[in-house]
Amino acid sequence: MSDWMHTTARALVAADKGILAADESTGTIKKRFDAIGLDSTEEHRRQYRQMLFTTPEIGNHISGVILYDETIRQSTDDGVPFVKLLESAGMIPGIKVDTGAKPLALFPNETVTEGLDGLRERLAAYRDLGARFAKWRATVIVGDGTPTDGAILANAHAMARYAALCQEAEIVPIVEPEILMDGDHDIDACADATARTLDELFSHLRLMRVDLAGTLLKVNMIVPGKGSANQVSDAEIAAATVRVLSSHVPSDVPGVVFLSGGMSDEQATSRLNEMNRIGGFPWELSFSYGRALQAPSLAAWGGRHESVDAGQRALAHRARMNGLARAGAYSPDMESAA
Ligand code: 13P
């Protein structure tokens, strides 16, 4: 394994920095635009991503950006490819390569993420376009009798084959099992489902000869389901998450980056901060947020040309708050001081 991949994986979780997930599929970004009453045309999507990526000094707290197939091929108004723009601002371009979670045959309510067919060729093309890391997301549903061992295995195997193909192509794989917050399960059920998923995932990654030092794990925090009657404090979530990760994530993984998964932007920051205050773990604990970085920015921009500055200020603020949380140096009163 080349040193380059180890260096790139570590650069993505460098101190005070984390990843911006801006890889919403065309269907998902339409949902986000619907909320602000904006048509999801290719030009609006380009303008939105341009607003995010040209935010002044965004590279201070964003190490890399995950792009979608359409976005990695787009350019600024001045014709600068987004990939070049990101690189010149000190950020590493990445690409989402899975093709989505599909129903798993014979396993009602469970999914397996697809996208292995033709992946070697797609990775080569993305590398030519400038991608240096990739993402594959599997979703795990906690419910009555789920997740099953079958669904956990199917997703772990697919993620391991994806990761191996990435490393063959000199692209750092982010493996992302997301235990969904949907449901009324308690925090222990999330901890149990996450632990089982991680054990199976790392066993398959090793079996497929993936070099863990050239990967990143992207995962959920350990939280109760959204509908659970037993909600808990940020400190409890942080303690449970550090406990589960410490027992189930090998120490040669350079970093664990969290998804926000429907947490509010301030919860996502506060919980990451609490974990980094605990400290004492072998990997970096960082962020790879989509909604928790973008939501205030999208709302402030609102699709209005004259609000580009407001949208950029909102993104820069969230990036800075999360940069502070990387060192356990965030406090909620910094929100209003902005
Ligand atoms: P959220 O932070 O909005 O969950 O998105 C992160 C992500 O990339 C999910 O795959």
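Residues numbered from 1 in each chain as written. Predicted model: local features only at pLDDT ≥ 70, side-chain atom pairs only at ≥ 80, totals over all residues. Heavy atoms only, no water.

Regarding the overall build of the protein chain
Next, step 1: Regarding its fold elements, the protein chain presents 13 helices and 10 strands.
Next, step 2: A compact globule built from 338 residues would reach a C-alpha radius of gyration of about 20 Å, and the protein chain, at 19 Å, matches this within 12%.
Next, step 3: Each principal axis of the C-alpha atoms in the protein chain carries an extent, and together these give about 50 × 45 × 40 Å.
Next, step 4: Per-residue burial over the protein chain gives 54% buried out of 338 residues.
Next, step 5: A separation of at least 24 residues holds for 78% of the contacts in the protein chain among residues at least 6 apart in sequence. (Helix = DSSP H or I, 4+ residues; strand = E, 2+ residues; numbered from the N terminus. Rg over C-alpha atoms; globule rule 2.2 N^0.38 Å. Buried < 20%, exposed > 50% of the residue type's maximum accessible area, 1.4 Å probe, protein only. Contact = heavy atoms within 4.5 Å.)

Some thoughts on the sheet that holds strand E1 (residues 18-21)
The strands making up a sheet associate through backbone hydrogen bonding, with each pair oriented either parallel or antiparallel.
Next, step 1: Reading around the circumference, E1-E2-E3-E6-E7-E8-E9-E10 is the order of the eight strands in this closed barrel, with parallel pairing throughout. When the angles between neighbouring strand axes are averaged without regard to direction, this sheet yields 25 degrees.
Next, step 2: In terms of strand pairing, strand E3 (residues 92-96) meets strand E6 (residues 133-140) through three bridges, oriented parallel. What sits directly across from glycine 94, in E6, is phenylalanine 133.
Next, step 3: Sheet strands touched by helix H9 (residues 234-248): strand E8 (216-219), strand E9 (255-258) and strand E10 (284-289). Its angle to E9, the strand with the most contacts, is close to 140 degrees. (Pairing = 2+ DSSP bridges. Axes fitted to C-alpha atoms, helices over the stretch in contact; angles between N-to-C directions.)

Comments concerning helix H8 (residues 187-207)
Next, step 1: The end-to-end C-alpha separation of H8 is 30 Å, in line with the 30 Å expected for 21 residues at 1.5 Å each.
Next, step 2: On the buried face of H8, the contacting elements are E6, helix H7 (149-168), strand E7 (172-179), E8 and H9. (Expected span 1.5 Å × (residues − 1).)

Structural measurements only, silent on function.
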